[in-house]
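Here are the chains, one letter per residue:
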Amino acid sequence: MFCKLGISVINKVIEELKKIEQIKKIMSLTGDYDLLAEIEVETSEELFEIFANQIDLIEGIIQSNTHVVMKSWEK
Amino acid sequence: MQNKYIINIVIANLLWSFIPILVSDLVSQISVFMIIFIRFTISGVFLLFIAIIFTFVNNYFTTNAKISLKLLIENIRHKNRRFNNIRNYNYYILIGFCGVILNIIFFFLTLKNTSISFTMIGFLLSVIIIAIYEAGRNFEKFDVFKVLYITLMVFAILIILFVSYEAVRLGGELIYLNGFVYLILFSVSISFLYIGINKDSYSKREITSINENKYYKIPRFLIKMSFSFLIGTLLMIPFLMVLNFLPIFSDFRVEIILFFNEFPNIFLYMGQWEILYLIIFSTIIPYLLVYLANVNWKSANLTYSQWSSILNLIDPMGSIILSVIFVNEFFPFELMITFIFLILISIILRYAHEVKNMVNAFLLITLRKGVIGLLPVKLLKNYGIIAIHSLIGSHDLLINIKISSIKDFYYLVDKKLKSIDDIKKVEIFFVNKMEKIT
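Residues numbered from 1 in each chain as written. Chains lettered and ligands numbered in written order. Predicted model: local features only at pLDDT ≥ 70, side-chain atom pairs only at ≥ 80, totals over all residues.

Participant: How do you make sense of the environment of B:Phe106 when you look at a structure like this?
Facilitator: Inspection of the secondary structure puts B:Phe106 in helix α5 (residues 88–113). Distance in space between the C-alpha atoms of B:Phe106 and B:Ala387 is 40 Å, their sequence separation being 281 residues. (Helix = DSSP H or I, 4+ residues; strand = E, 2+ residues; numbered from the N terminus.)

Participant: Can you walk me through the sheet that holds strand β1 (residues 2–5) of chain A in this structure?
Facilitator: What links the strands of a sheet is backbone hydrogen bonding, and the strands pair in either a parallel or an antiparallel sense. Here we have nine strands laid out as an open sheet, ordered β4(A)-β1(A)-β3(A)-β2(A)-β6(B)-β3(B)-β5(B)-β4(B)-β5(A), and antiparallel in their pairing. Edge positions in the sheet fall to β4 (61–65) and β5 (68–74) of chain A, since each has one partner strand and no second. With direction set aside, neighbouring strand axes in the sheet form an average angle of 30°. (Pairing = 2+ DSSP bridges. Axes fitted to C-alpha atoms, helices over the stretch in contact; angles between N-to-C directions.)

Participant: Can you walk me through the interface of chain A and chain B in this structure?
Facilitator: When the parts of a complex come together, some accessible area is lost, and that lost area is often taken as the interface size. Taken together, the contact between chain A and chain B spans 24 residues of the former and 31 residues of the latter. Residues that form the side of chain A that touches chain B fall into these classes: ten nonpolar, seven polar and seven charged. In terms of strand pairing, β5(A) meets strand β4 (residues 385–392) of chain B through six bridges, oriented antiparallel. In the strand pairing of β4(B), A:Glu74 is matched with B:Ala387. (Contact = placed C-beta atoms within 7 Å. Nonpolar A, V, L, I, M, F, W, Y, C, P; charged D, E, K, R; others polar.)

Participant: Whenever I open this one, the domain arrangement of chain B confuses me. Can you help?
Facilitator: All names here are of chain B. When the domains of chain B are assigned, the result is domain 1 (6–357) and domain 2 (359–430). Domain 1 puts twelve residues into the contact, and the matching count from domain 2 is ten residues. With three residues, the top contributor of residues to the side of domain 1 that touches domain 2 is helix α9 (residues 204–212). Broken down by class, the residue content of the side of domain 1 that touches domain 2 amounts to three nonpolar, five polar and four charged. (Domains from an automatic or database assignment.)

Participant: Help me understand the pairing of strand β5 (residues 397–403) of chain B, please; the structure alone is not making it clear to me.
Facilitator: Consecutive side chains of a regular strand alternate in pointing toward one face of the sheet and then the other. All names here are of chain B. Counting buried positions over the seven residues of β5 gives six, a clear majority of the element. Of the pairings in the sheet, the one linking strand β3 (residues 359–367) to β5 comprises seven bridges and is antiparallel in character. Paired with Leu363 across the strands is Ile399, a residue of β5. Taken together, the five bridges between β4 and β5 define a ladder with antiparallel strand orientation. The partner of Ser390 across the bridge, within β5, is Leu397. Once β4 ends, the chain turns through four residues before running back antiparallel as β5, passing Gly393 with a positive phi of about 155°. (Buried ≥ 20, exposed ≤ 12 C-beta atoms within 10 Å, placed from the backbone.)

This is the structure we're talking about:
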């Protein structure tokens, strides 16, 4: 999930996101988006729960862009 | 601590630091070349044997995806993109002979002709040589951390030179020209090894295998080192034969003659405890430890090879401390403390330098229609790309890049990725900070 934040809220948003157990990594970025959060869930319902009841309620996130990972390659 | 496998690198370096203690006495009994020949031939065979056993156990006694021994062997013909596109067998010859064997030859000869402390200058000098190489080849900046750690290296070298001078003044053995020449050759060859050893590249089929089974990397590394060792020791023989006819230092010629004369008793020497220790505890175990670290490495910031080069200074520091304890080498206590302090600060400064220069970025890629099939594996071959995720959403691929300089990043993105026709759009995001990682 890529997030665009308001001004001077980054630390507050990071602290709120850190509390969410399903968010495994949070990185602050330079670019069009301010944060990248890596979310791991078992089902799409769980994903909806996190968004509806936790992420959507965080003040400071102006815009988010979520991508579902189909497959990963590493070396 | 960033990664628990850092302890593997520390232990490996501590085991290597015992080598001068063992060898300093051994070289007066057996020729330097015989020690090297036995050590690396047996280690090479053993590592190859472990690679085959590991592959067999993985394939027949675990549920992991099969590792193809055929692919491992075929890899030897694969072109190494990170080393001037030469075939891997040529790369192993260079690493094995010029990197490993020559470095150890000159290391042992320096030990034999000077002292353990003096020989450690070679390691410190190699840090400076590599820093200059990186500035020239990669245009890596001399930032404040780099300038400071190079300065500390220079001071550490001066301390050792002063101690060596004092040792001679107090009745110790003189260091002759050959000792200095061997030291320079040792530091140049070990610099080549440090620079070249991690310049490896995977073929597409290998990347697919790694993603099916991450343990593919273990036998691959073992085969790389075993081939390097075996080819290196084989080439050593004609090399010494040719060198015998050239104008070289007389002690070098004596060592060559001794080596060939000792061949009939080779099995006798193999049974000596120092040789067995060198093979098991100074070669096989340390290399297994570092391979395991490499395979399992998951770091927020630095890569395995960066940590490995940062912590390499533990080896010379350990050798000097052990030489004072076990071999009673002259090294005044106050200067020892100063030296250790300089090395530890250098390690911290090197870490700071690497972290500061490291480029950690994500690319969001939009592709042309119908090309997502094999493109991720093709892209993953490029140095710097550590992971690729194919996505459902407004973009097609998310690429994670970790690379050691902005120049390399520019080369990767602008010269390599943007030149691929299948890629329509690239959006770049630089990671400022890892806020959370689990």
